Amino acid sequence: MKAIILSAGQGSRLGHLVDDRPKCLIDFNGRTLLDRQLDTLEANGVDEAVVVTGFHDELVDAAIAARIGGPNVRTIYNPFYKVADNLGSLFIAKHELIGDCLVWNGDTLVSNALMARVLGNDQQGICVTIDRKDGYDDDDMKVIVDEAGRLQAIGKRISDGVNGESIGLLAFRQGGAERFQEAIERAMRTPEGTTIWYLRVIHHLAQNGEVWTLDIQGEEWGEVDFPPDVEAARALVERWDAKKAAAA
């Protein structure tokens, strides 16, 4: 299993926190967001990672070079990060969408236990990791899932029938990555190609074939989009670190 981490964006909604560094290099209790993602992969036996960079890519390259141990990491620079949404990052890295792999948003932290469930899931094809809660806001990547776990719709603008949200972690097995790669090629050749998110491509694939979901309700994760998210994520990782120290 290989992980593709999308870390090209600046994260401008975080304000001054990202004036001189990308979102993935924000500190969380002594480790950057990217370090914590790579640490989670290492803890679960994933030994290969591809990081798509953009804003201050030289800082990300330096941070990866300074790491000791962990997955074998290489970077791919997306020169269009300012003008294309994250579909553009996957288009730049499309040659990596082969075989069994993960696609992971660069602003999402997940617990080791959550990652273990994603890797231990044997669902073939394309599988979107989802969570459940009582209500969803405009910024949530909402989903509609049927009783069998098949994805019916995904997007921020859907409303009726919403029963989950994507956490920004997808797994591809048994031809799923190649199917996604072909769909990315088609989407980037449309007039709106550079303006759409890759999950819109997943939405269209779900209308024409099976896309599955993995419900991880009860597991811990956090997304870092706004300043309050940073404080919440720091509290989350401090709890994880304390639990790990107590078990050592």
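What you see is a predicted model; the values in this text were computed from it and never measured.

*Asks:* Just checking my understanding: could you explain the pairing of strand β9 (residues 142–145) for this structure?
*Replies:* Along a regular strand, successive side chains alternate from one face of the sheet to the other. Across 4 bridges, the pairing between β9 and strand β10 (residues 151–155) is antiparallel. In the sheet register, V145 faces β10, and the bridge partner there is L151. Counting the residues between successive antiparallel strands, the hairpin from β9 to β10 contains 5 residues, one of them, G149, with a positive phi of roughly 95°. Where β9 and strand β11 (residues 164–173) come together, 2 bridges link them in antiparallel fashion. If you follow K142 over to β11, its bridge partner there is E165.

*Asks:* Is there a simple way to explain the nonpolar core in this structure?
*Replies:* Buried together is how nonpolar side chains tend to be arranged in soluble globular proteins. Counting 38 residues, the largest nonpolar core has L90, L97, L151, F172, F180, Y198 and I202 as its most contacted members. With residues near it in sequence (within four places) discarded, L90 still touches I4, L6, L97, V103, F180, I184 and Y198. With 28 residues, the next largest nonpolar core counts V51, I64, I167 and L169 among its residues.

*Asks:* Mind showing me how you'd approach the pairing of strand β1 (residues 2–7) here?
*Replies:* In terms of burial, β1 is largely enclosed, as 6 of its 6 residues are buried. Alternating residues of β1 divide into K2, I4 and L6 and A3, I5 and S7, and every residue in both groups is buried. Here β1 pairs with strand β6 (residues 101–105) via 5 bridges, running parallel. Residue pairing for β6: I4 is matched across the bridge by V103. Here 5 bridges tie β1 to strand β4 (residues 48–53), and the two strands are oriented parallel to one another. Within β4, the residue paired with A3 across the bridge is A49.

Cut-offs and rules
- Residues numbered from 1 in each chain as written.
- Predicted model: local features only at pLDDT ≥ 70, side-chain atom pairs only at ≥ 80, totals over all residues.
- Heavy atoms only, no water.
- Pairing = 2+ DSSP bridges.
- Helix = DSSP H or I, 4+ residues; strand = E, 2+ residues; numbered from the N terminus.
- Core = buried A, V, L, I, M, F, W, Y, C linked by side-chain atoms within 4.5 Å.
- Buried < 20%, exposed > 50% of the residue type's maximum accessible area, 1.4 Å probe, protein only.
- Contact = heavy atoms within 4.5 Å.

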